[in-house]
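Observations on the model geometry
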Protein chains: 6
Amino acid sequence: MSEKTQLIPGNTLITKTPEEGRALAVKMARLIIKITQPDAKARERMRPTYANDAAMLIAIGQTVATEFATIAQANNYWK
Amino acid sequence: MSEKTQLIPGNTLITKTPEEGRALAVKMARLIIKITQPDAKARERMRPTYANDAAMLIAIGQTVATEFATIAQANNYWK
Amino acid sequence: MSEKTQLIPGNTLITKTPEEGRALAVKMARLIIKITQPDAKARERMRPTYANDAAMLIAIGQTVATEFATIAQANNYWK
Amino acid sequence: MSEKTQLIPGNTLITKTPEEGRALAVKMARLIIKITQPDAKARERMRPTYANDAAMLIAIGQTVATEFATIAQANNYWK
Amino acid sequence: MSEKTQLIPGNTLITKTPEEGRALAVKMARLIIKITQPDAKARERMRPTYANDAAMLIAIGQTVATEFATIAQANNYWK
Amino acid sequence: MSEKTQLIPGNTLITKTPEEGRALAVKMARLIIKITQPDAKARERMRPTYANDAAMLIAIGQTVATEFATIAQANNYWK
């Protein structure tokens, strides 16, 4: 498949394990930030801000939880 | 179909791949902002604000995650 | 049906197309604001505030996404 | 049924119409606020605050949308 | 069952009625706050803050709505 | 299984009881914060902030509720 994927690595929601599914959720959340702010330096400047702000860390957790819900369902919860 | 679509490009939630589904989620989220603030210049003025604000970037990620959940389910997770 | 509908236009979640479903999501979100703040002038005064505030526009997008998830499921994703 | 209901009027999620289901979502959201802040005067004091704050009105819409999702599913979307 | 339950009273999501399910949602939300801030006095100090802050009351409603969605589904909506 | 798990303890969403599922939800939420802010001292510095901030405690509850929804479904609600 030659389609350039910039939003979902591997162009699939299917993973071998829950751990890999969780890592995919984290990556998918980050890639949305990347296309909204494509400037790598600008993203880098924000890192100390959110990494030391409890409210933002919690908000990141909320987004990852929402992405993971979709991935977990796609994988039938790896049952 | 002659219906003018301003909210969902192509008037369908079905996409060929997860990557395209993800891109649709991003577009659908942006189109809601567009109909709420139809003035293109006003939207352009806000861009540096949200693109350099970690909390807003995270919030955009949350909205895209919610849109994507619906699109992924519509496509039976592209399985 | 003589029931006065002020919260869901047409008193149904079923729409012909995704685009119409999306428009219904927007309307349902607005009608909740309308019953919470019934004073049209007060709502009008707030318009420039939220239409020029990136964080609020994103939050509106989040609410519409949640309403749309329900409507999309009600319509079996228009498949 | 003699159980005192203070959280869900009628002790059921089933309603005749989408409009009634939506009204139930609004009531259920308000009743959570009521048990968290049981003082009616305190709640009344807050009314002008949230009724004139666009961000809070949007947040109320988000909560109602989440309650409604559950009620709509309980009623099989009134299909 | 000797397992100490500090997060879910009765170690079950099943309840007899919607009203009881709703009360369980409220309790489960509170118990997460309790394990995050185990100091009862600290929690007590925060009470007047959130009980008189409209934005926080709305946020509590959002969390309860999310917990309740899970409980309602576990109980097949008490149908 | 030799895969290093840093995001989901045990690399499974399946738990014996609702109580254990709830504890897993709490751990999964915390592990996302840990990989976003890997510096243990920095995380420790933030603890008094969020443990004494009602809004943040509520936000933590929201994230845990979202994680738990996925875990509960994976376990068919322990029925």
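Rules of the game
What you see as residue numbers is a count from 1 along each chain, following the sequence as written. For naming, the first written chain is A and the first written ligand is 1, with later ones following in the order written. Whole-chain, interface and lining totals are the exception, using all residues; otherwise, since this is a predicted model, local features are given only for residues with pLDDT of at least 70 and side-chain atom pairs are given and counted only at 80 or more. To obtain the side-chain values, all non-hydrogen atoms of the structure were used and water was disregarded. Secondary structure counts use DSSP, requiring at least four H or I residues in a row for a helix and at least two E residues in a row for a strand, with both numbered from the N terminus. Every residue pair with non-hydrogen atoms within 4.5 Å of one another is taken to be in contact. Accessible areas in this description were obtained via Shrake-Rupley with a 1.4 Å probe; residue shielding takes into account the shown protein chains only. In this description, buried area is defined as the sum, over both parts, of the accessible area (probe of 1.4 Å) that is lost when the two are combined. Any Lys or Arg side-chain nitrogen found within 4 Å of a carboxyl oxygen on Asp or Glu counts as a salt bridge. The fit set for superposing copies consists of C-alpha atoms from residues with pLDDT of at least 70 in both; the fit itself is least squares. Note on geometry: axes are lines fitted to C-alpha atoms, helical ones only across the stretch in contact, with angles between N-to-C directions running from 0 to 180 degrees. Under this scheme an angle from 65 to 115 degrees is roughly perpendicular, one under 35 degrees roughly parallel, and one over 145 degrees roughly antiparallel; angles in between are oblique. In the scheme used here, Gly and all other residues not listed as nonpolar or charged are polar, with Ala, Val, Leu, Ile, Met, Phe, Trp, Tyr, Cys and Pro taken as nonpolar and Asp, Glu, Lys and Arg as charged. Contacts described as polar in this section are N or O atom pairs within 3.5 Å, which, within protein, must combine one atom able to donate a hydrogen with one able to accept it, while residues neighboring in sequence count only if both atoms come from side chains. We define a nonpolar core as any set of buried Ala, Val, Leu, Ile, Met, Phe, Trp, Tyr and Cys residues linked to one another through side-chain atoms lying within 4.5 Å. The cut-offs for exposure are 20% and 50% of the maximum accessible area for each residue type, with area from a 1.4 Å probe on protein chains only; residues under the lower value are buried, those over the upper are exposed, and the others partly exposed. One less than the residue count of a helix, multiplied by 1.5 Å, gives the span that helix is expected to have. It is the directions from the helix axis to the C-beta atoms that the arc portrays. What pLDDT conveys is the predictor's confidence in a given residue, as a value from 0 to 100.

1. A word on the overall build of chain A
If you tally the helices and strands in chain A, you get three helices and zero strands. When its helices and strands are written in sequence order, chain A yields α-α-α. Seen along its three principal axes, the alpha-carbon backbone of chain A occupies a region of about 40 × 35 × 15 Å. Relative to all contacts within chain A whose residues are 6 or more apart in sequence, the contacts with residues 24 or more apart total 57%. Element-wise, carbon and sulfur atoms account for 54% of the exposed surface of chain A, whose accessible area totals about 3600 Å².

2. A short note on the interface of chain E and chain F
On the chain F side, the residues contacting the 31 residues of chain E number 30 residues. Carbon and sulfur atoms make up 65% of the area that chain E and chain F hide from each other, which totals about 2500 Å². Put simply, chain E and chain F have one salt bridge between them. For arginine 22 of chain F, the salt bridge goes to glutamate 67 of chain E, with nearest N and O atoms at 2.5 Å.

3. Side note on the arrangement of the chains
A gap remains between chain C and chain E, with no contact made and the closest C-alpha atoms lying 12 Å from each other. In this assembly chain B lies apart from chain F, the nearest approach of their C-alpha atoms being 12 Å.

4. Quick word on the relation of the copies chain E and chain F
Under the fitted operation, chain E is carried onto chain F by 0.0 Å of movement along the axis and a turn of 60 degrees, and the coordinates agree to an RMSD of 0.0 Å. Here the transformation between the copies is reduced to the relation of a six-fold axis. Scanning chain E for the C-alpha nearest the rotation axis identifies threonine 66 of chain E, at a separation of 6.9 Å. When the interface residues of chain E are mapped onto chain F, a mere 16% of them again fall at the interface, so the copies present different faces.

5. Some thoughts on the packing of helix α2 (residues 40-51) of chain A against helix α3 (residues 54-74) of chain A
Residue and element names in this part refer to chain A. With their axes 7 Å apart at the nearest point, α2 and α3 run at an angle of 100 degrees to one another. Relative to α3, the element α2 lies roughly perpendicular. Touching Thr49, Tyr50 and Ala51 of α2 are Met56, Leu57 and Ile60, all from α3. Partitioning the contact of α2 with α3 into residue classes produces five nonpolar, one polar and no charged.

6. Brief notes about the interface of chain A and chain B
Each partner contributes residues to the interface: chain A has 32 residues there, and chain B has 30 residues. At the junction of chain A with chain B, the criterion picks out twelve residue pairs in polar contact (both at pLDDT 80 or more). Those elements that provide at least two residues to the side of chain A that touches chain B are α1 (18-36), α2 and α3 of chain A. Sort the elements by how many residues they give to the side of chain A that touches chain B and α3 of chain A lands first, with ten residues. Tallied by class, residues from the side of chain A that touches chain B come to 17 nonpolar, eleven polar and four charged.

7. What to know about the nonpolar core
In globular proteins that are soluble, nonpolar side chains generally tend to be buried together. Formed by 144 residues in total, the largest nonpolar core has its most connected members in Leu13 of chain A, Leu13 of chain B, Leu13 of chain C, Leu13 of chain D, Leu13 of chain E together with Leu13 of chain F. What leucine 13 of chain A contacts, discounting residues up to four positions off in sequence, is Ile8, Leu24, Met28, Thr70, Ile71, Ala74 and Asn75 of chain A together with Phe68, Ala72, Tyr77 and Trp78 of chain B.

8. Some remarks on the relation of the copies chain A and chain B
At an RMSD of 0.0 Å, chain A and chain B line up after a rotation of 60 degrees and a shift of 0.0 Å along the axis. In this assembly, only 16% of the residues forming the interface of chain A have copies in chain B that are likewise at the interface, indicating a heterologous arrangement.

9. Quick word on helix α2 (residues 40-51) of chain E
Here α2 of chain E contains twelve residues, and its C-alpha end-to-end distance of 16 Å stays within 8% of the 16 Å for a straight helix at 1.5 Å per residue. For α2 of chain E, the full list of buried residues reads Ala42, Met46, Tyr50 and Ala51 of chain E. End-on, the buried residues of α2 of chain E take up no more than an arc of 145 degrees, which puts them together on one face. Exposed residues on α2 of chain E whose side chains face more than 90 degrees from its buried face are Lys41 and Arg45 of chain E. Where α2 of chain E is buried, its residues touch α1 (18-36) and α2 (40-51) of chain D, α3 (54-74) of chain E together with α2 (40-51) and α3 (54-74) of chain F. The N-terminus of α2 of chain E is capped by aspartate 39 of chain E, whose side-chain oxygen sits 2.9 Å from the backbone nitrogen of lysine 41 of chain E.

10. Some details on the environment of tyrosine 50 of chain A
By the element assignment, tyrosine 50 of chain A lies in helix α2. Sequence separation of tyrosine 50 of chain A and isoleucine 60 of chain A is ten residues, and the distance between their C-alpha atoms is 9.0 Å. Contact partners of tyrosine 50 of chain A, with chain neighbours within four places excluded, come to Met56, Leu57 and Ile60 of chain A, Ala54 of chain B together with Thr36 of chain F.

11. With respect to the environment of tryptophan 78 of chain C
Mapped onto the secondary structure, tryptophan 78 of chain C falls in the segment after α3 (54-74). Overall, tryptophan 78 of chain C belongs to the buried group, its relative accessible area being 18%. Separated by 71 residues in sequence, tryptophan 78 of chain C and leucine 7 of chain C have C-alpha atoms that sit 23 Å apart. Those residues in contact with tryptophan 78 of chain C, other than ones at most four positions away along the chain, are Leu13 of chain B together with Thr15, Lys16, Thr17, Pro18, Gly21, Phe68, Ile71 and Ala72 of chain C.

12. Some points on the confidence of the model for chain A
The predicted model of chain A averages 94 in pLDDT, with 94% of residues at 70 or higher. Summarising per-element confidence for chain A, the mean pLDDT is lowest in α2 of chain A (96) and highest in α3 of chain A (98).

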